[in-house]
Number of protein chains: 2
Amino acid sequence: MKNEKERYDLSPKELPEKWYNIIPDLPTPPPPPKDPDDGPSRMDNLNKVFSKGVLDQEMCEDRYVEIPEEVRELYRQAGRPRPLIRARGLEEELETPAKLYYKSEFESPTGSHKVNTALPQAFYAKQQGIERLTTETGAGQWGTALAYACSLVGLDITVYWVRAASSWKEERRNLMQLYGAEVHDSPSTQTKIGKEMLNEDSDHEGSLGIAISEALQDAKRDENAAYSLGSVLNHVLLHQTIIGLETKKQFKMAGDYPDVVISCVGGGSNFGGLAIPFAADRINDGKETEFIAAQSEVAPNLNGDYRYDFGDYAEQTPLMKMFTLGHQSAMPSIKADGLRYHGAAPIISALKNEGFIDTIIFPQDEEYVFDRAKTFIQSEGFLPALESAYSVAAAIDKAKECKRKGEEKTIVFNVSGNGFMDMEGYRDVLGLG
Amino acid sequence: MKNEKERYDLSPKELPEKWYNIIPDLPTPPPPPKDPDDGPSRMDNLNKVFSKGVLDQEMCEDRYVEIPEEVRELYRQAGRPRPLIRARGLEEELETPAKLYYKSEFESPTGSHKVNTALPQAFYAKQQGIERLTTETGAGQWGTALAYACSLVGLDITVYWVRAASSWKEERRNLMQLYGAEVHDSPSTQTKIGKEMLNEDSDHEGSLGIAISEALQDAKRDENAAYSLGSVLNHVLLHQTIIGLETKKQFKMAGDYPDVVISCVGGGSNFGGLAIPFAADRINDGKETEFIAAQSEVAPNLNGDYRYDFGDYAEQTPLMKMFTLGHQSAMPSIKADGLRYHGAAPIISALKNEGFIDTIIFPQDEEYVFDRAKTFIQSEGFLPALESAYSVAAAIDKAKECKRKGEEKTIVFNVSGNGFMDMEGYRDVLGLG
């Protein structure tokens, strides 16, 4: 019987009261974003399209940022705090001496960790009197989370959705629509940049970078709208630290502490959310925690160059210092579309540059990864999102390494979303009947 | 801001230690199952195909039944206890004086309340040395839950799946397969009865009754296999009382008590799970709680005749005393396939016969129901399964009635599953793009 694993549950009262901002603690903080030498000021544009609440947080130099009571209430409704689970079933299956724990971000109303930043972003926009948010989405998780948040706080929302994913994930579109969202496949005919891309190729499969450009253009031309981004930026990672802050409390309950922290990295928000509070301990308390980012070989952005680059295809964002493959690089489509982004968040890039982060790059053929996800599904019972499968696969490979080396390491990994709406990806890759 | 609702969370330690068996408390207990006048003894057959653990519980006369510690552990892994949530957003949307609460059975690893009985059933079978379970499934929720439970305890499983649902829910088949299940569309070529039905009509869309017959035949011919049923029987309802037992504790926390208890009824297990512990208070403590069963006009079994009938199409089960439409009645297919069963569980039927249960029958055109589900989705943020949408719709209609009459009633309803894998049903009926 493979069922002796434990859950570490925090009570609603134990929900953290502050987010953690690592920037003041970083030996070398990420340099600020800047304008390119030519063209209009992207920095000025940014100030126009973001709500004030998140702009303030983007530049924030405080170590801790109060979570508004209304946002804590929204977090609790969305099921926070979420359990940390000891993976006894998986440990037994792998016969590893390692201790495996996973954070259950998949237990989310919309299926992913993205609600952690969607809720405060919608809250701040509403507070400021904004009527509509625009955004982009890749795997569809972010668009769904923001549609959910807008529905709860009473905002309209327009979503630009990378066609590579939207074309086979009709269900996610419908879910966003049930929440009241207007959804456009990107490139779309709604914006100038979208039309240009469609003129080049009427079946253009899009990318996160292009979709960002479209959502930015849409927000810029409507004074009652603001733009909202689901990853990469400092304020997004700030909100996501709720994951790691809870997890630290839960490790205290368990009387344990991780030697290895693992998650998948697209833009870096779920990885950062879990890792950043532990990275603080490595900086301030001399912990020797190892951080592993799981990526696909189609977008191994952490192995790119560390330089200033645009966040989007059409060069509408400021330049940010990040590990990047180049903002116009072609990335073959994979099922785990949320990992298909050219750059890593400036904070994650700074940590990588500091030597904090190792990477595991998985092959484009996703069978290797999804096979490992299947082992997790059968031993733990939970169905990871396709992106989260990369986190699971990295944890399994690390646990196997521990077995070979006879190491009793404590490993924690984030299962950032559930795969209820990702079944076609599993089916196609694993050849299910 | 529509977000002041409260969650009532029990700690893992507060998970009930016993299931509640209402039979000894019923003024007129359901008469026992019996054999028909002709043919082989179905009672003997039943004793052969069920595991000993559940057979004992089927006949049990004790008021409380200890939940084995291993099953409590499995329940905790699966996320029990589950929150009771005050639907402040929905109340505000409806401008109703009623207080609405819902039980979050949708927060389940496989998406529904069916895990509550799947886990003990798999546990008892494994304990007895059985190697494989066979079962039927309608909406797919039960098959998925049992596949999950079998995967965790280490059993093989064969699922016979009503073709009316399986033909458009490919994703659920894939999920069962990820858990390691063998899945056959029913009628199938695997059994005698299946072949007979296919000979009559090669596109036969099946029914729960036919699928039950197939699973029973399969279990009977393999001495290492047992049959497992996801609804209707006494032991299933016994296991499901975990829902209502938790909910009663949560109402104590809230300092409130329901005037109205609502859920959808197919076979009756999720309704019974929530309602039975409150029905006990009506019997023993003189509470005047109202119980409302939400059904579809294609299968309003609680408005059928109260008589002995078979549980399956092919007459392989014993006769059970229940409200029934007739075990071979044709029921037009609807999207909420889990509600499409000819009879109501003997315990539910006994309660109905006692005058405890009112019914709300919704039209075959499911737009009426799914529109109300959309109101719930946009005000509470959670996505109900198609069957659970009937429970939501009944609660909304009741809350509107309270508004018309100016009644401040406390209403609790069960949201028995999530709809992440039901999106095609919402799309087709609501005409989403």
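First, a word on scope: everything that follows refers to the structure included in this document.

Conventions adopted
- Residues numbered from 1 in each chain as written.
- Chains lettered and ligands numbered in written order.
- Predicted model: local features only at pLDDT ≥ 70, side-chain atom pairs only at ≥ 80, totals over all residues.
- Heavy atoms only, no water.
- Helix = DSSP H or I, 4+ residues; strand = E, 2+ residues; numbered from the N terminus.
- Rg over C-alpha atoms; globule rule 2.2 N^0.38 Å.
- Buried < 20%, exposed > 50% of the residue type's maximum accessible area, 1.4 Å probe, protein only.
- Areas by Shrake-Rupley, 256 points an atom, 1.4 Å probe, with all protein chains shown as cover.
- Lys, Arg positive; Asp, Glu negative; His and termini not counted.
- Charge placed at Lys NZ, Arg CZ, Asp CG, Glu CD.
- Least-squares fit on C-alpha atoms with pLDDT ≥ 70 in both.
- Contact = heavy atoms within 4.5 Å.
- Salt bridge = Lys/Arg side-chain N within 4 Å of Asp/Glu carboxyl O.
- Polar contact = N/O pair within 3.5 Å; in protein donor to acceptor, adjacent residues only side chain to side chain.
- Buried area = accessible area lost by both parts, 1.4 Å probe.
- Nonpolar A, V, L, I, M, F, W, Y, C, P; charged D, E, K, R; others polar.

### Details of the overall build of chain A
Of the regular secondary structure elements, chain A holds 16 helices and 15 strands. Here the C-alpha radius of gyration of chain A, 20 Å, is about what a compact globule of 433 residues would show, namely 22 Å. A principal-axis box enclosing the C-alpha atoms of chain A has dimensions of 60 × 50 × 40 Å. Burial statistics for chain A: of 433 residues in total, 69% are counted as buried. On chain A, roughly 13,900 Å² of surface is accessible, and the fraction owed to carbon and sulfur atoms is 42%. Charged side chains of chain A number 48 positive and 68 negative; the gap between the two group centres comes to 3 Å.

### Considering the relation of the copies chain B and chain A
By a simple turn and slide, chain B fits onto chain A: the slide is 0.0 Å along the axis, the RMSD is 0.0 Å, and the turn is 180°. Here the symmetry operator amounts to a two-fold rotation axis. Comparing contact sets, 100% of the residues at the interface of chain B also lie at the interface in chain A, consistent with an isologous, same-surface contact.

### Quick look at the environment of Ala211(B)
Residue and element names in this part refer to chain B. Among the structural elements, Ala-211 can be located in helix 10 (residues 208-220). Owing to a relative accessible area of 0%, Ala-211 belongs among the buried residues under this scheme. As a C-alpha pair, Ala-211 and Tyr-160 span 51 residues in sequence and 5.6 Å in three-dimensional space. Leaving out residues up to four positions away in the same chain, Ala-211 has contacts with Glu-136, Tyr-160, Val-162 and Ser-186.

### Considerations on the pattern of salt bridges
Counted by the stated rule, this structure contains 63 salt bridges over all chains. Between Asp222(A) and Arg132(A) there is a salt bridge, with the nearest N and O atoms lying 3.2 Å from each other. Of the two residues, Asp222(A) is situated in the loop between helix 10 (208-220) and strand 9 (225-227) and Arg132(A) in strand 6 (residues 132-137); the sequence distance between them amounts to 90 residues. Notably, a salt bridge pairs Glu246(B) with Arg80(B), separated by 2.8 Å at the nearest N-O pair. Taken as a pair, Glu246(B) in helix 11 (residues 234-254) and Arg80(B) in the loop between helix 3 (69-77) and strand 4 (84-86) lie far apart in primary sequence, 166 residues in all.

### Let's talk about the side chain of Arg132(A)
Residue and element names in this part refer to chain A. For Arg-132, a relative accessible area of 16% corresponds to the buried category. A polar atom in the side chain of Arg-132 sits 2.7 Å from the side chain of Thr-158. There is a polar contact of 2.8 Å between the side chain of Arg-132 and the side chain of Asp-218. If sequence neighbours within four positions are ignored, Arg-132 has contacts with Leu-155, Asp-156, Ile-157, Thr-158, Asp-218, Asp-222, Asn-224, Ala-225 and Ala-226.

### Quick look at the interface of chain B and chain A
Across the contact, 50 residues belong to chain B and 50 residues belong to chain A. Of the roughly 4,500 Å² buried between chain B and chain A on both sides combined, carbon and sulfur atoms contribute 59%. Linking chain B to chain A there are two salt bridges. With a shortest N-O distance of 3.4 Å, Glu170(B) and Arg427(A) are connected by a salt bridge. Taken together, the links from chain B to chain A amount to 13 residue pairs in polar contact (both at pLDDT 80 or more). Looking at the side of chain B that touches chain A, the elements with two or more residues in it are helix 3, helix 5 (115-127), helix 6 (141-153), helix 8 (170-178), helix 14 (367-380) and helix 16 (423-430) of chain B. Taken together, the residues that form the side of chain B that touches chain A break down as 21 nonpolar, 15 polar and 14 charged.

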